[in-house]
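# Structural overview
Each chain, letter by letter, is given below.
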Amino acid sequence: SNAIGIHRDPHRDAAGIPTLTRDPSARLKKIRSAVEYSEQNRSRHMKMTILPRGDDITHIVLVGRLDTPVTEDIREAFSEATGSRQRPAIVDLSDIDFMASRGIGLLVANAKALMKSGHQMVLLNPQELVNSVLVTSKLDKMMPIACDLGEAVKMLGGVLEQSDASCVASDV
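Chains are numbered independently. Their residues run from 1 in the order of the written sequence. Only residues with pLDDT of 70 or above have their local features reported here, since the model is predicted, and side-chain atom pairs are shown and tallied only from 80 upward, although totals for entire chains, interfaces and linings are computed over all residues. Hydrogens and water are ignored here; the side-chain numbers use all heavy atoms of the structure.

### Remarks on the overall build of the protein
- Numbering of helices and strands runs from the N terminus; a helix is a DSSP stretch of H or I covering at least four residues, while a strand is a stretch of E covering at least two. Of the regular secondary structure elements, the protein holds five helices and five strands.
- Each residue is assigned to one of three classes by its accessible area relative to the maximum for its type, calculated with a 1.4 Å probe on protein chains only: buried under 20%, partly exposed between the two thresholds, exposed over 50%. Looking at the protein as a whole, 35% of its 172 residues qualify as buried.
- Contact criterion: two residues are considered in contact whenever any of their non-hydrogen atoms come within 4.5 Å of each other. Long-range contacts, defined here as pairs at least 24 residues apart, represent 61% of the contacts in the protein between residues at least 6 apart.
- Roughly 10,700 Å² of accessible area belongs to the protein as shown, and the carbon and sulfur atoms make up 53% of that amount. Method for areas: the Shrake-Rupley scheme with a 1.4 Å probe, in which residue coverage is limited to the protein chains shown.

Below, the structure is given as C-alpha cells:
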C-alpha cells in the first residue's frame, strides 16, 4: 500500500497488465493488440464527407467526435478540402458531439488559410456544447455560425440551390 492507501498488485502495472510472466513478450503483445484495436476503431469516431455543389463553395459534413486522435487522422484531408482549395467553405458540425482543442485548432488554422486567400469558412449548426465553446472563445467572429444551410450560403455569397432550404425547428 502507498501513502494514500491505494493497494496495487505488485505483479501488474498501472494498466493492470501482468509484469511477471513466463512469456516475456506477453506484455508487448497485449500492448500491440490494444494499439491495433484502437487504430481499427478510430475511424468509427469520425466521418468526413464533401458534398457536391453547383457553385464555388466547398461543403464539408463532419460526423462523430473530433477528439485529438481523430483530428490528427483527418488533418491532411480536411486541410486539402478547405484551406488548400482557396474557396469559401461550409463546415457542417451538426453531428459533432465532442470537439477537443486540437479540433478547434484544425478549424482555426484552415479558416486563417482561407482568410489569407480572401475567403471565409462558415460553421453550420453546431450542437449546443460545441457552439458554446466557439462563442465563448469568440471564434464565431473568425468563423461565423449559421443555423441552416441557406443562411450559410448567403453568408458566403453563394448561389442558393433547391436543396438549401432552411432547417425546420425540431423543439416540440
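### Observations regarding the pairing of strand β2 (residues 58-66)
- Most of β2 is tucked away: seven of the nine residues are buried.
- One requirement defines pairing of two strands: DSSP has to find at least two bridges between them. Both strand β1 (residues 46-51) and β2 contribute to a ladder of six bridges, which runs antiparallel. Note on β2: the bridge partner recorded for M46 is G64.
- Seen with its strands pointing away from the viewer, a crossover is right-handed when the path leading from the first strand over the helix to the second is clockwise. Tracing the backbone out of β2, into helix α2 (residues 68-81) and back to the parallel element strand β3 (residues 89-99) gives a crossover that is right-handed.

### Here we look at the sheet that holds β3
- Judged by pairing direction, the sheet is mixed, and its five strands sit side by side in the order β1-β2-β3-β4-β5 without closing on themselves. The open sheet has two edge strands, β1 and β5 (145-146), and neither has a second partner.
- Fitted lines through C-alpha atoms give the axes, limited to the stretch in contact for helices. The angle between two N-to-C directions lies from 0 to 180 degrees. Sheet strands in contact with helix α4 (residues 128-136) are β3, β4 (121-124) and β5, and its direction is about 115° off that of β3.

### Overview of helix α3 (residues 101-116)
- With 16 residues, α3 extends 22 Å between its outermost C-alpha atoms, agreeing within 8% with the 22 Å of an ideal straight helix rising 1.5 Å per residue.
- Of all the residues in α3, the buried ones are G103, I104, L106, L107, V108, N110, A111 and L114.
- On its buried face, α3 is in contact with β2, α2, β3, β4 and α4.
- Just past α3, the residue G118 takes up positive phi, approximately 85°. A helix is expected to reach a length of 1.5 Å times the quantity of its residues less one.

### Concerning the environment of Q127
- Within the element layout of this structure, Q127 appears in the loop between β4 and α4.
- Judged by relative accessible area, which is 33%, Q127 ranks as partly exposed.
- Setting aside chain neighbours within four positions, we find Q127 in contact with L93, S94, D95, I96 and D97.
- Throughout this description, a polar contact denotes any pair of N or O atoms lying within 3.5 Å of each other; where both atoms belong to protein, one of them has to be capable of donating a hydrogen while the other can accept it, and for residues adjacent in sequence the pair is counted only when both atoms sit in side chains. A distance of 3.1 Å separates a polar atom in the side chain of Q127 from the backbone oxygen of S94.

### A short note on the packing of α2 against α3
- Viewed as axis vectors pointing N to C, α2 and α3 meet at an angle of 15°, and their least axial separation amounts to 9 Å. By the angle class used here, α2 and α3 are roughly parallel. Helix-helix and strand crossings are classified by hand; for α2 and α3 the assignment is right-handed. Contacts from T68, T71, E72, I74, R75, F78 and S79 of α2 reach α3 at R102, G103, L106, L107 and N110.
- Only Asp, Glu, Lys and Arg are considered charged in this grouping, and only Ala, Val, Leu, Ile, Met, Phe, Trp, Tyr, Cys and Pro are considered nonpolar; every other residue, Gly among them, is considered polar. By residue class, the composition of the contact of α2 with α3 is four nonpolar, five polar and three charged. An angle below 35 degrees is read as roughly parallel, one above 145 as roughly antiparallel, one from 65 to 115 as roughly perpendicular, and any other as oblique. Crossings are sorted by hand: turned counterclockwise from the far helix by less than a right angle, the near helix makes the crossing left-handed, and turned clockwise it makes it right-handed.

### Brief notes about the nonpolar core
- Among buried residues, the Ala, Val, Leu, Ile, Met, Phe, Trp, Tyr and Cys ones that are joined through side-chain atoms within 4.5 Å form a nonpolar core. L62, L93, L107, M121 and M143 are the most contacted members of the largest nonpolar core, which totals 26 residues.
- Residue assignment for this core shows that the elements contributing at least two residues are β2, α2, β3, α3, β4 and α4.
- Per element, the largest residue contribution to this core is six residues, and it comes from α3.
- Core analysis: the next-biggest nonpolar cluster, separate from the first, contains nine residues, I57, I90, L124 and L156 among them.

### Description of the pattern of salt bridges
- Salt bridge, as applied in this entry: a Lys or Arg side-chain nitrogen positioned within 4 Å of an Asp or Glu carboxyl oxygen. On inspection of all chains with the given rule, the structure shows four salt bridges.
- Across the pair D55 and R53 runs a salt bridge, and its minimum N-O distance is 2.9 Å. A single burial state applies to D55 and to R53, both of which are buried.
- With its nearest N and O atoms 3.1 Å apart, the salt bridge here joins E72 to R102. Highlighted residues: E72 in helix α2 and R102 in helix α3, separated in sequence by 30 residues.

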